[in-house]
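Listed below are the residues making up each chain.
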Amino acid sequence: MHETPDFLPRRRDALAFLLASGASLCSPGFGFGAEQSARPAAAPSKPAAADRTAPLLKDVFKSHFAVGMAGDVPGNYSERELALVREQFNAVTPENCMKPSLVHPSENQWRFERTDAFMNWCVENKIAFIHGHTLLWHHQTGDWFFQGDDKAVVIQRMKSHIDGLAGRYKGKIRSWDVVNEAIDDRGDARTAETENLRKTGWLRTVGPEFLTLAFQFARQADPAAQLYYNDYGIEAGPKHASSMVLLRRLLKEKAPVYGVGIQGHWSTRGIPYDALDRSIADYASLGLKVAISELDVTIAGASGGQLGGAGGRREVRPPTAEELQAQADAYAKLFAIFVKHKDVIDRITFWGLNDRRTWRYGQHPLLFDAECRPKSAFWAVVEQANRSIRPAAASR
C-alpha cells in the first residue's frame, strides 16, 4: 500500500508565493523536488518549504501514463530549462531534428549531429521514454524522395530512409510516429466514408499502400518499437470518421499499428471534449493505444496542427487573469478525460517546454510560463491526478 499524495491544499499557496516573489524556476537555485525548494528568509506566515515545492508531473501521473515534452534538447536550451525537462518529464520527443528534410536532406546525405546529440542527452539523463518523430510526412520532406515518379524506386527510398533512421536508434527509441498527417483536412459526410487521404508525393507515387509499407518497414528496422499513426483534428467530425476507415484498413492488411497519436493542438475558444472522449474509446475498440502526442492549449488563435502556427517572434501581450483561468479550466477538463481513459492512453506529450519554447509563441499555450514558472493550468492538471487517486485510496 502506498500513501496517497495530496498536492491540493498547497496549490494556491505555492502559486501565490511564486508569482508574488517573482521567483523563476528557470533561475539558478530554484528547482522542483524537496531538496531544491525555495527558502526565502521571509515571514513565518509562509507555508513550510516542502509546501512551496511544485510536484513533479511524471510522479503525479506515474500510475496513469507517461508525461512528456517536445524539444531538440540539449540544443541552445539553458541549464535551468534542461533541469526542468529532467525533473518534470519522463518522456521526450524530438520536435524537429528527426524530420526527413533535416536528418536526410538528400539521398546520399545524412545529418545525424543533432539527432545523436538528442539521443545522447536523453540516455545520459535517464529519460525513460524516447518517442521518435517522424519517419514519413508530406511537409519537411525532400523532393528527391519522389524524383522520377517511379513507384519501385520511391518505395526503396522510403525503406532506406526508415532503415537508416529507425535502425540507427534500434532499441533506444520506445515508439515512433511512423506516418504523420496523412488525412486531408477538408471533409464532409461523403469523405467521412473514405480514408480521404491527403494528396502528397507519397500518395501520388506509391498509392494508399504507402502507409502499410511504412509500418512494415518500421517494424523490420526496429522489431521492439511501438508504432503510431499521428494526426491533428482526428478526434472529431469527418476526419475522425476517415481515421477509423484508414486504421481498419491498415489493421486488415496486418500493418503493425500499435497506437494513434491525437496531436491535441487546441484553443480555449473551442475544444471538442465530448468528441475527444468518444474518439479515444473508438480507437480502443480497434485494440489500439492512444497518445495525446502534441498537446498545447492557446489562449488566442484557432485550434489545429497546420504548419504556420503563431508566426515569428514578436512583442507578446501578457495573458490576463481571466485568460489564464480559462486555460486552466480547459486543461482540467482535458485531463479529466485523459485520466478516465488511463488504461488506453500511454503518453501525454506537451508540444514544447514552456511559453517561450513553443511553436505557438505569443499564445501562452503550455503549463509553464516563459520563465518556467508553473501557471494556473499546471495546478489544474495536478488536481485531476489527485481526484483520480483519492477514490482508489479511500476504497482500500
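Overview of the structure.

Here the focus is the overall build of the chain. Regarding its fold elements, the chain presents 12 helices and nine strands. For the chain, the proportion of its 396 residues judged to be buried stands at 57%. Counted over contacts in the chain with a minimum sequence separation of 6, partners at least 24 positions apart contribute 78%. Taken as a whole, the chain presents about 16,500 Å² of accessible surface, with 51% of it coming from carbon and sulfur.

Ranked by internal contacts, the top residues of the largest apolar core, which has 99 residues, are Leu295 and Phe338. Of all the elements, helix α8 (residues 210-221) adds the most residues to this core, at eight residues. Residues contacting Phe338, with those up to four places away along its chain left out, are Phe65, Trp266, Leu276, Ile292, Leu295, Ile345 and Ile348.

Right, let's get into the pattern of salt bridges. Where charged atoms from two side chains of opposite charge approach closely, those side chains can pair. Considering all chains together, one arrives at 21 salt bridges under this definition. The partner of Arg356 in a salt bridge is Glu81, with the nearest N and O atoms 2.7 Å apart. Here Glu81 lies in helix α3 (residues 79-88) and Arg356 lies in the loop between β9 (345-350) and α12 (376-394), a separation of 275 residues in the sequence. Assessed through its relative accessible area of 33%, Arg356 is described here as partly exposed. Of the charged contacts in the structure, one is a salt bridge between Arg387 and Glu383, with a shortest N-O distance of 3.1 Å.

The next thing to look at is helix α9 (residues 237-252). With 16 residues, α9 extends 23 Å from end C-alpha to end C-alpha; this agrees with the ideal 22 Å at 1.5 Å per step. Restricting attention to buried positions, one finds in α9 the residues Lys239, His240, Ser242, Ser243, Met244, Leu246, Leu247, Arg249 and Leu250. Residues of α9 that are buried in the fold lie against α8, β5 (226-231), β6 (259-262) and α10 (273-285). Positioned one or two residues after α9, Lys254 has a phi angle of 65°, which is positive.

Here we come to the state of the cysteines. Between two cysteines, a covalent bond joining their sulfur atoms is known as a disulfide. Within the structure shown, the criterion is met by zero disulfides. Take Cys97: it sits in no disulfide, and the sulfur closest to it among the cysteines is that of Cys122, at 9.1 Å. Accessibility expressed as a relative area gives 0% for Cys122, which makes it buried.

Once that is clear, we can look at the pairing of β6. What you see with β6 is no split at all: Gly259 and Gly261 on one side and Val260 and Ile262 on the other are buried throughout. Relative to strand β8 (residues 289-298), β6 runs parallel, the two sharing four bridges. Along β8, the bridge assignment pairs Gly261 with Ala291.

Contact pair α10 / helix α11 (residues 321-340): the axes reach a minimum separation of 10 Å and the direction vectors enclose 20°. Classified by the interaxial angle, the pair formed by α10 and α11 is roughly parallel. Classified by chirality, the crossing of α11 by α10 is right-handed. Residue-level inspection shows Tyr273, Leu276, Asp277 and Ile280 of α10 in contact with α11, the latter providing Ala330, Lys333, Leu334, Ile337, Phe338 and Lys340. The residue makeup of the contact of α10 with α11, split by class, is seven nonpolar, no polar and three charged.

At a minimum axis distance of 10 Å, the contact between α8 and α9 shows a crossing angle of 55°. As judged from the angle between their axes, α8 and α9 are oblique. The hand of the α8/α9 crossing is right-handed. Touching Leu211, Thr212 and Phe215 of α8 are Leu246, Arg249 and Leu250, all from α9. Looking at side-chain class alone, the contact of α8 with α9 contains four nonpolar, one polar and one charged residues.

For the rest of this paragraph, the subject is the environment of Ser267. Here Ser267 is to be found in strand β7 (residues 265-267). The buried category is assigned to Ser267, whose relative accessible area is 1%.

Let's shift gears to the pairing of β9. Regular strands place side chains that alternate from one sheet face to the opposite one. Most of β9 is tucked away, with six of its six residues classed as buried. As paired strands, strand β1 (residues 66-70) and β9 are joined by four bridges and run parallel to one another. Considered in β9, the bridge of Met69 is made with Phe350. Two elements, β8 and β9, share four bridges in a ladder whose sense is parallel. Considered in β9, the bridge of Ile292 is made with Ile348.

The rules behind each value
Throughout, a residue's number is its position along its own chain's written sequence, starting from 1. Confidence filtering applies because this is a predicted model: local features only for residues at pLDDT of at least 70, side-chain atom pairs given and counted only at 80 or more, and all residues used for totals across whole chains, interfaces and linings. Side-chain metrics in this entry use all non-hydrogen atoms of the structure; hydrogen atoms and water are not considered. Only runs of H or I of at least four residues qualify as helices and only runs of E of at least two qualify as strands under DSSP, and these elements are numbered from the N terminus. Whether a residue is buried, partly exposed or exposed follows from its accessible area with a 1.4 Å probe, protein chains only, as a fraction of its type maximum: under 20%, in between, or over 50%, in that order. Two residues qualify as a contact provided that any one of their heavy atoms is within 4.5 Å of a heavy atom in the partner residue. The Shrake-Rupley method, run with a 1.4 Å probe sphere, supplies the accessible areas, and residue values consider only the shown protein chains as cover. The term nonpolar core refers to a set of buried residues drawn from Ala, Val, Leu, Ile, Met, Phe, Trp, Tyr and Cys, joined through side-chain atoms within 4.5 Å. Salt bridges are identified by distance alone: a Lys or Arg side-chain nitrogen within 4 Å of an Asp or Glu carboxyl oxygen. In this analysis, the expected span of each helix is defined as 1.5 Å times one less than the number of residues it contains. A pair of sulfur atoms, both from cysteines and within 2.5 Å, is called a disulfide here. In this scheme, strands are said to pair when DSSP sees at least two bridges between them. The axes used here are C-alpha line fits, helices contributing only the stretch in contact, and every angle between their N-to-C directions lies in the interval 0 to 180 degrees. Reported orientations rely on four angle classes, namely roughly parallel under 35 degrees, roughly antiparallel over 145, roughly perpendicular from 65 to 115, and oblique for the rest. We call a crossing left-handed when the near helix sits turned anticlockwise from the far one by less than a right angle, and right-handed when that turn is clockwise. Only Asp, Glu, Lys and Arg are considered charged, only Ala, Val, Leu, Ile, Met, Phe, Trp, Tyr, Cys and Pro nonpolar, and every remaining residue, Gly among them, polar.

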